[in-house]
Amino acid sequence: MSSSKDIFEAACRVIPGGVNSPVRACKSVGAEPKIVSHGQGGRIFDVDGCAYVDLVCSWGPLILGHAHRAVVEAVGKQAAKGMSFGAATELELALAQKIVAALPSLEMVRLVNSGTEATMSAVRLARGVTGRSKVVKFDGCYHGHADTLLVAAGSGVATLGIPGSPGVPKAIAAETISLPFNDLARVEEAFERMGSDIACLIVEPIPANMGLVPPATGFLEGLRHITRKHEALLIFDEVITGFRVGYGGAQELFGIDPDLTTLGKIIGGGLPVGAFGGKAEYMKRLAPEGDIYQAGTLSGNPLATAAGLATLNVLEHREVYDELDKKDEYLLNGLVKLALGAGIPVRAARYGSMFGLFFTGTEVRDYETAKTSDTDRYARYWRSMLESGVWLAPSQFEVGFVSTAHTKEELDHVLESAATAFSSLS
Ligand code: PLP
């Protein structure tokens, strides 16, 4: 059987960087990627025969863990009936109804195939509805890799240190205004100056692509107020937070009513999916009902909708979130205690079943302060954790996820591993 090393070397010859999404290459933590063979419950396994407690959970979708029985069954059953029809199915209706029922701000929703497609389409809709072209976003917030949104984006771009990307035309980037997160005065100022040209403001209500950064009290309410005043659309990018921080997402948590919302990850139960939705008056502008074009060969794919539905069927029993919350709290409290005990300054935040841990003593409130983190220390921490069987995101600027499948023993294994890691870092 081939090793991770052999497979990765061969992959580098036919796949750019050997990976199909940059952060997976583990460059920022100075490692080569392990090649995954399978996952089960709270664990992921590599082809070298090692097992890891998985706190990445496929970057968020696997809130029920790997190969959850109900999800596997739903996908298997559907696969036997056909994998794609390019025609409407009842499954799509069922998923759309569930999403609309869960998120009060959504009156209608359209399914797509990725988070990138969702945000790109939501921005087109906002531009079409308002007849304006400019888009406001925040430094360090990542909304996928569409040209308009790949400006001062966090996550992979932050990790690789690429400001935007070659290939994004200057004229397109010039339509995007990127501002510091949590700075309402700067948002007000931008809207006072350019409000009549601004189609929308897109925000991760709880940014999770520059590490986890809590919104300051009143910040999201302020965004709602300013966008309304200037008749621009407020888009909540809940690709990560949707069905993660609670069944109603961040908008329920903070009681905010955005005009449009983008979703992905959990609503596909681990299969490729995305969605955007919002007020009917805007959504009805989409083709074929309206004049704003958006389409997709595999959109509403039966396997993805079956997996998503099976996942939401579990999550709609909201007590699941209490259980997840307890696990997340147990884990993060433990990690912080161990780090501080070892004399390592950290800043931490958590919502529901996601958590972030920065290696910095500075309070993190935006991308600038997130960057005060000691990324070299994170890289050493990551390597030590991997060595002892814990699968963390290979970047300081990502977050961790806990699933319903994680057991107390697995979380304790993470804490024991962290104790060893921290003692070697101090
Ligand atoms: N929006 C947010 C908040 C994300 O975190 C991501 C990806 O991680 C995206 C959009 C893009 O989603 P995808 O990678 O499915 O294109």
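Summary of the structure given here. Predicted, not measured: the structure shown is a model, and the values here were computed from it.

### Focus: the packing of aromatic side chains
Phase 1 of the analysis: All chains considered together, the criterion is met by 12 aromatic pairs.
Phase 2 of the analysis: Pairing Tyr381 with Phe422 gives two aromatic rings, centres 5.2 Å apart and planes at 5 degrees, and the pair type is stacked. With Tyr381 in helix 14 (residues 375–387) and Phe422 in helix 15 (residues 408–425), this pair connects stretches of sequence that are 41 residues apart.
Phase 3 of the analysis: The rings of Phe359, Tyr378, Tyr381 and Phe422 are connected pair by pair, giving a single aromatic cluster.
Phase 4 of the analysis: The ring of Tyr367 has Lys371 lying over it, and the distance from NZ or CZ to the ring centre is 4.5 Å.

### What about the nonpolar core?
Phase 1 of the analysis: Grouped together as the largest cluster of nonpolar side chains are 34 residues, with contacts concentrated most on Leu331, Tyr381 and Phe422.
Phase 2 of the analysis: Secondary structure elements with two or more residues in this core: strand 3 (51–54), helix 12 (319–341), strand 12 (354–358), helix 14, strand 13 (390–391) and helix 15.
Phase 3 of the analysis: If you tally residues by element for this core, the top one is helix 15, at seven residues.
Phase 4 of the analysis: Core analysis: the second largest hydrophobic core is formed by 28 residues, Val187, Phe219, Ile226 and Leu234 among them.

### So, the site of the ligand
Phase 1 of the analysis: The full set of residues close to the ligand is Ser114, Gly115, Thr116, Tyr142, His143, Gly144, Glu204, Asn209, Asp237, Val239, Ile240 and Lys265.
Phase 2 of the analysis: Within the backbone of Gly115, a nitrogen or oxygen atom sits 2.8 Å from an oxygen atom of the ligand.
Phase 3 of the analysis: Here Lys265 contributes a side-chain N or O atom positioned 3.0 Å from an oxygen atom of the ligand.
Phase 4 of the analysis: Summarising the interface, the protein chains cover 82% of the accessible area of the ligand, which totals 390 Å² for the free molecule.
Phase 5 of the analysis: Of the residues contributing to the shell around the ligand, the split by class is three nonpolar, six polar and three charged.

### Digging into the sheet that holds strand 3
Phase 1 of the analysis: Pairing in this open sheet of four strands is mixed, and the strands run 1-2-3-13 from one edge to the other. Bordering the open sheet on either side are strand 1 (36–40) and strand 13, each of which pairs with just one other strand.
Phase 2 of the analysis: Where strand 3 meets strand 13, two bridges bridge the pair, whose relative direction is parallel. Looking across to strand 13, one finds that Asp54 is bridged to Trp391.

### Some thoughts on the pattern of salt bridges
Phase 1 of the analysis: Under the definition given, this model contains 19 salt bridges.
Phase 2 of the analysis: Taking the shortest distance from any N to any O, the salt bridge between Lys5 and Glu9 comes out at 3.7 Å. Placement of the pair is Lys5 and Glu9 together in helix 1 (residues 4–14), with a separation of four residues, close to one helical turn.
Phase 3 of the analysis: Residue Glu9 is classed as partly exposed on the basis of its relative accessible area, which comes to 39%.
Phase 4 of the analysis: The salt bridge involving Asp257 is made with Arg228; its shortest N-O contact spans 3.9 Å. Placement of Asp257 in the loop between helix 9 (249–254) and strand 9 (260–264) and of Arg228 in helix 8 (residues 219–229) is noted, with a sequence separation of 29 residues between them.
Phase 5 of the analysis: In this structure, a network of salt bridges that share partners links the residues Lys5, Glu9 and Glu32.

Parameters at a glance
Residues numbered from 1 in each chain as written. Predicted model: local features only at pLDDT ≥ 70, side-chain atom pairs only at ≥ 80, totals over all residues. Heavy atoms only, no water. Phe/Tyr/Trp six-rings, centres within 6.5 Å; stacked < 30°, edge-to-face > 60°. Helix = DSSP H or I, 4+ residues; strand = E, 2+ residues; numbered from the N terminus. Lys NZ or Arg CZ within 6 Å of the ring centre and 35° of its normal. Core = buried A, V, L, I, M, F, W, Y, C linked by side-chain atoms within 4.5 Å. Buried < 20%, exposed > 50% of the residue type's maximum accessible area, 1.4 Å probe, protein only. Near = heavy atom within 4 Å. Polar contact = N/O pair within 3.5 Å; in protein donor to acceptor, adjacent residues only side chain to side chain. Areas by Shrake-Rupley, 256 points an atom, 1.4 Å probe, with all protein chains shown as cover. Nonpolar A, V, L, I, M, F, W, Y, C, P; charged D, E, K, R; others polar. Pairing = 2+ DSSP bridges. Salt bridge = Lys/Arg side-chain N within 4 Å of Asp/Glu carboxyl O.

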